[in-house]
Amino acid sequence: MNPDACDPLAHTSMYQRAEEDSDDSDGEGGLGNVSRVIVRPPGHSGKAKRGHLCFDAAFETGNLGRVDLVGEFEYDLFLRPDTCNPRYRFWFNFTVDNVKQDQRVIFNIVNMNKSRNLFKDGMTPLVKSTSRPKWQRLPRCEVFYYKSPVHQNHYVLSFAFGFDKEDEVYQFALTFPYSYSKMQAYLNAVELKFPETFERSTLGMSIQNRKLELITFDDVKKPDKMEPKNVIHMVVILARIHPGESPASYVVQGLIEFLAAANQPISKALREHVVFKIVPMLNPDGVFLGNNRCNVIGHDLNRSWNRLSQYTHPTLSAVMKMLKEYDNSSCYQVDFVIDIHAHSSLTGTFIYGSTYDNVYRYERHLVFPKLFATKCEDFCQEHMMFNADDRKSGTARRYFVEALSDNVNTYTLEVSMCGYFLNGTNILTQYTEDGYMRIGRNLARTFLEYYRFTNILPIPPVDELRPRKGGRPRTHRPRARSKTRSEVRVRPKTTRAYAPISYTDLSICYDSATSEDGSPVRYMYGHGNAGYGGLRMRPHIHQDQFSLSNIQAARFSNLDFTSDFRLKVPKAKGVAQESKMPPIEMLNVPPKPHLTIIDFNQLTRGGLEEATSSGKPIEREKEKIRRHTFKSSSSRKA
């Protein structure tokens, strides 16, 4: 061991620490979470006076390992590492009482293990008190994050706080806590309120014998005879595999509330056509203990999917067994497995996906993130990433690609612990509990759009889409119209061009080992000198309000052809110059990534499978062109 190495938990107080803990500490100081530890100034003995702060973290989801008094009004706080794993120290949740009115203090959290986090970008801790139970963020001007030479050049989070009431208990936390007991109470309430739509079961038990809850929404009418076209589609949602990422539980709560609503049309349509399996808390032991990433034996479960053990990862083994059974079943088709996390160093909401050697599977894999982006104003495309990193082979996103069948799309949905920037501005909007639940509701709406687009859900009748007459209350009084009519100007006639949508500006990080061969060639009809570098798409033949062409996605629709990719094909002999057959153009897509671009404006409802099937659409297009050319030449010869 290096003699010059410094212990990050070394004593930093300017006072000599008492060899014995206070009378109220129960011997917990320095060993685990502090339990009613009263910090007295030096030279003081006897009963604690008002203003001698009492710290406590011996409760569910609590985390605070030690408190040192380093000045008259300044305290150094040490986080308790995860059980059996001293590497992770980021989550904190503790209470302070026995305060004096108008007492101002400075708290320094001195041993965080993550130097790169959102405290540099404006995130602040949360606080609430007995009479003010709603969580509030501390003012940014009172929070500082810096590298401190006094604390061995570690990054320190310092915040000043003024206690305004004496008989209050103040609680501080990294982000909105969501405990195991709170989940149990919430599920009990939903089960009583929606007994018809809500199905609750126990999928397994954790190491410390806590329940692994499984929530099911299944109102699908089972067909008499199972055929490939009659398979039951399924969506699996996983959350809270990392205990310190509590915003993921609020996202799941918003999703559950949305799906459980009995009379909500969208929820009813989803439940009648798709089965939802939700595991709201994959790591109940780590959540209960107040860990940051690990379970009770110190394992990071989101790095353990590729080395499952029934004894060390019982919750993961139970989920994997369920997924295998449904994936191998001839009755069910698992379409999505989404693992929900909270990110501590990035803002906004975004999705991590995977890359595939199969081009058509990759194109199909990109559809859901695009649909989700159109539903969320807080979606951040710059942080979205699709990769095949070997270092992440133990994550759910990467392991399920190999463990499950090809029709399963696996994603990691990330939500920020802090907030998001409004579009086109530098205004940081902080997330609240309802803001996280809104993400869950938007996730359900995205499933509705996806399954309507793929012909799983029917389109509602036109009468239901139109606003009903008499929808306004009788008390509504229309605005009086002016008797003098203003001249109506005729709108000038303009041509309407359909802008194709591409994924070239998704900011996707392609760091996977994709195929080195050249990308396939796509054949498109067009006129040689028409728009976008001489490339013109075929006009719409069929318009559908639930198709992707009607989704507002301006952030994804910047198509830029900086070079002329056209390769003119010599005309066949015997075809006249005035033939109506347009010339054939070939567009060579760059070799990396090995992808063709789905033109969403050309897709109609139900055309996703045809566009991304492995039936070689290029050869089919060639055959159509050959037949068209043959018919034209034959008719002219006749």
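Throughout this document, residue positions are counted from 1 along each chain, in the order its sequence is written. Residue-level local features of this predicted model are given only where pLDDT is at least 70; pairs of side-chain atoms are given and counted only at 80 or more, and the full residue set underlies all totals for whole chains, interfaces and linings. Heavy atoms from the whole structure form the basis of all side-chain values; hydrogens and water molecules are not counted.

**Q** Please explain the overall build of the protein chain as it appears in this structure.
**A** Strands here mean DSSP runs of E at least two residues long; helices mean DSSP runs of H or I at least four residues long; both are numbered from the N terminus. Summing up its helical and strand segments, the protein chain has 12 helices and 23 strands in all. Reported accessibility uses the Shrake-Rupley method at a 1.4 Å probe radius. Residues are deemed covered only where the shown protein chains occlude them. Roughly 33200 Å² of accessible area belongs to the protein chain as shown, and the carbon and sulfur atoms make up 50% of that amount.

**Q** Looking at this structure, how should I read the sheet that holds strand β3 (residues 66–69)?
**A** Within a sheet, neighbouring strands are paired by backbone hydrogen bonds and run either parallel or antiparallel to one another. By the convention used here, strands pair only if DSSP detects at least 2 bridges between them. Across the sheet, 5 strands lie side by side as β3-β4-β6-β10-β9; this open sheet has mixed pairing. Each edge of the open sheet carries a strand with a single partner, namely β3 and β9 (143–148). Adjacent strand axes in the sheet meet at a mean angle of 25°, parallel and antiparallel pairs treated alike. Here an angle of 0 to 180 degrees is reported between the N-to-C directions of two axes, which are lines fitted to C-alpha atoms, with helices fitted over the stretch in contact.

**Q** Before we go on, may I ask you to explain the pairing of strand β10 (residues 154–163) in this structure?
**A** Looking along a regular strand, one sees side chains alternate from face to face of the sheet. Here's how the labels work: a residue is buried when its accessible area is under 20% of the maximum for its type, exposed when over 50%, partly exposed in between, all with a 1.4 Å probe on protein chains only. The buried fraction of β10 is high, at 7 of 10 residues. Of the strand pairs in this sheet, strand β6 (residues 103–109) and β10 are connected by 7 bridges, and their pairing is antiparallel. Each bridged residue has a counterpart across the sheet, and for Gln103 the counterpart in β10 is Phe163. Pairing of β9 with β10 involves 6 bridges; the strand directions are antiparallel. Bridging from a neighbouring strand, Val143 pairs with Phe159 of β10. Adjacent in sequence and paired antiparallel, β9 and β10 are bridged by 5 residues, among which Gln152 carries a positive phi angle near 60°.

**Q** I would appreciate a short explanation of the packing of aromatic side chains in the present structure.
**A** Aromatic rings considered in pairs are described by the distance between their centres and by the relative angle of their planes. Aromatic contacts are taken between Phe, Tyr and Trp rings whose centres are within 6.5 Å, Trp giving its six-membered ring; a plane angle under 30 degrees counts as stacked, one over 60 as edge-to-face, and the others as tilted. By the definition in use, this model includes 40 aromatic pairs. An aromatic cluster is present here, built from Phe55, Tyr75, Phe92, Phe94, Phe107, Phe159, Phe161, Phe163, Tyr170 and Phe172 joined pairwise through their rings. Between Arg66 and the ring centre of Phe78, over which it is positioned, the NZ or CZ distance is 4.3 Å. Any Lys NZ or Arg CZ that is within 6 Å of a ring centre and within 35 degrees of that ring's normal is treated as a charge sitting over the ring.

**Q** Help me understand the pairing of strand β16 (residues 332–343) in this model?
**A** The buried fraction of β16 amounts to 10 of the 12 residues, a majority that puts the element mostly inside the structure. Direction of pairing for strand β14 (residues 232–239) relative to β16: parallel, over a ladder of 8 bridges. Along β16, the bridge assignment pairs Val236 with Val337. Pairing geometry for β16 and strand β19 (residues 409–416), over 8 bridges, is parallel. Each residue of the ladder has a partner; that of His343, found in β19, is Ser416.

**Q** Mind showing me how you'd approach the UniProt feature "active site" (unreviewed entry) in the protein chain here?
**A** UniProt positions are given in the numbering used here, feature names are shortened, and annotations may be inferred rather than shown by experiment. As recorded in UniProt, the feature "active site" (unreviewed entry) lies at Glu414. Mapping Glu414 onto the fold places it in strand β19. Looking at Glu414, the relative accessible area reads 8%, which means it is buried.

**Q** What exactly am I supposed to notice about the sheet that holds β16 here?
**A** The mixed open sheet is built from 8 strands, whose spatial order is β12-β13-β15-β14-β16-β19-β17-β18. Lying at the two open borders of the sheet, with one neighbouring strand each, are β12 (199–205) and β18 (385–387). Each strand axis lies, on average, 20° off the axis of its neighbour in the sheet, ignoring direction. Pairing of β14 with strand β15 (residues 274–279), which is carried by 6 bridges, proceeds in the parallel orientation. Residue Met234 lies in a different strand from β15, and its bridge partner there is Val275. The contact criterion used is simple: two residues touch if any of their non-hydrogen atoms lie within 4.5 Å. Across the sheet, helix α5 (residues 314–327) touches β12, β13 (211–217), β14, β15 and β16, and the angle it forms with β12 is around 120°.

**Q** Looking at this structure, how should I read the nonpolar core?
**A** As used in this record, nonpolar core signifies buried Ala, Val, Leu, Ile, Met, Phe, Trp, Tyr and Cys residues forming a set joined through side-chain atoms within 4.5 Å. Counting residues in each nonpolar core, the largest one holds 104 residues, and the members touching the most others are Phe55, Phe107 and Phe447. Domain boundaries shown here were taken from an automatic or database domain assignment. Two domains share this core, each providing at least three of its residues, namely domain 1 (31–173) and domain 2 (180–454). Leu212, Val236, Leu238 and Val337 belong to the second-largest nonpolar core, a separate cluster that totals 26 residues.

**Q** Would you take a moment to explain the pattern of salt bridges for this structure?
**A** Oppositely charged side chains may form a pair once their charged atoms are brought near each other. The salt bridge criterion pairs a side-chain nitrogen of Lys or Arg with a carboxyl oxygen of Asp or Glu, the two atoms within 4 Å. In this structure the tally under the stated criterion is 17 salt bridges. Here Arg132 and Glu168 are joined by a salt bridge, their closest N and O atoms 3.8 Å apart. With Arg132 in the loop between β7 (126–128) and β8 (136–137) and Glu168 in the loop between β10 and β11 (170–173), the pair connects residues that are 36 residues apart, well separated along the chain. Residue Asp406 pairs with Arg361 through a salt bridge whose shortest N-O separation is 3.3 Å. Taken as a pair, Asp406 in the loop between α8 (396–403) and β19 and Arg361 in helix α6 (residues 359–365) lie far apart in primary sequence, 45 residues in all. Of the residues examined, Arg361 reaches a relative accessible area of 8% and is grouped as buried. Salt bridges sharing partners connect three or more residues here, namely Arg50, Glu166 and Asp167.

**Q** Help me out: how do you make sense of helix α2 (residues 247–260) in this one?
**A** Residues that lie three or four places apart on an α-helix share one face, since the helix turns once every 3.6 residues. For α2, with 14 residues, the first-to-last C-alpha span of 20 Å sits near the 20 Å given by 1.5 Å per residue. Taken across its 14 residues, α2 has 13 buried, putting it largely inside the fold. In this scheme, a helix's expected span is set at 1.5 Å multiplied by one less than its residue total.

**Q** What's the story with the side chain of Lys277 in this structure? I'm lost.
**A** With respect to the helices, strands and loops of the structure, Lys277 is situated in strand β15. For the buried residue Lys277, which engages in no salt bridge, the nearest side chain bearing the opposite charge is Glu199, 5.6 Å off. Among the polar contacts listed, one links the side chain of Lys277 to the side chain of Tyr326, at a separation of 3.3 Å. Once you skip the residues sitting within four places of it in the chain, Lys277 turns out to touch Leu214, Ile215, Thr216, Met234, Val235, Val236, Ile237 and Tyr326. Only four residue types enter the tally: Lys and Arg on the positive side, Asp and Glu on the negative side; His and the chain ends are excluded. For the purposes of these results, a polar contact is taken to be a pair of N or O atoms within 3.5 Å, where, inside protein, one atom must be able to donate a hydrogen and its partner to accept one; residues adjacent in sequence count only when each atom of the pair is a side-chain atom.

**Q** Explain helix α3 (residues 265–273) here, please?
**A** Regarding α3, the residues found buried are Ser267, Ala269, Leu270 and Arg271. For α3, the secondary structure elements touched by its buried residues are β13, α2, β15 and α9 (433–453). The backbone nitrogen of Ile266 lies 2.8 Å from a side-chain oxygen of the residue at the head of α3, namely Gln264.

**Q** Is there a simple way to think about the packing of α5 against α8 in this case?
**A** Between two packed helices, what matters for the description is the angle formed by their axes and the separation of those axes. Packing of α5 against α8 brings their axes to within 12 Å, and their N-to-C directions diverge by 35°. In this structure, the crossing between α5 and α8 has a hand that is right-handed. Contact residues: Met320, Leu323 and Lys324 in α5; Tyr399, Phe400 and Ala403 in α8. Note: crossing handedness is left-handed where the near helix turns anticlockwise from the far helix by less than a right angle, and right-handed where it turns clockwise.

**Q** Would you mind showing me how to read the environment of Ile456 here?
**A** Residue position: Ile456 is located in the loop between α9 and α10 (462–465). A C-alpha to C-alpha distance of 7.1 Å links Ile456 and His273, two positions 183 residues apart in sequence. Those residues in contact with Ile456, other than ones at most four positions away along the chain, are His233, His273 and Tyr451.

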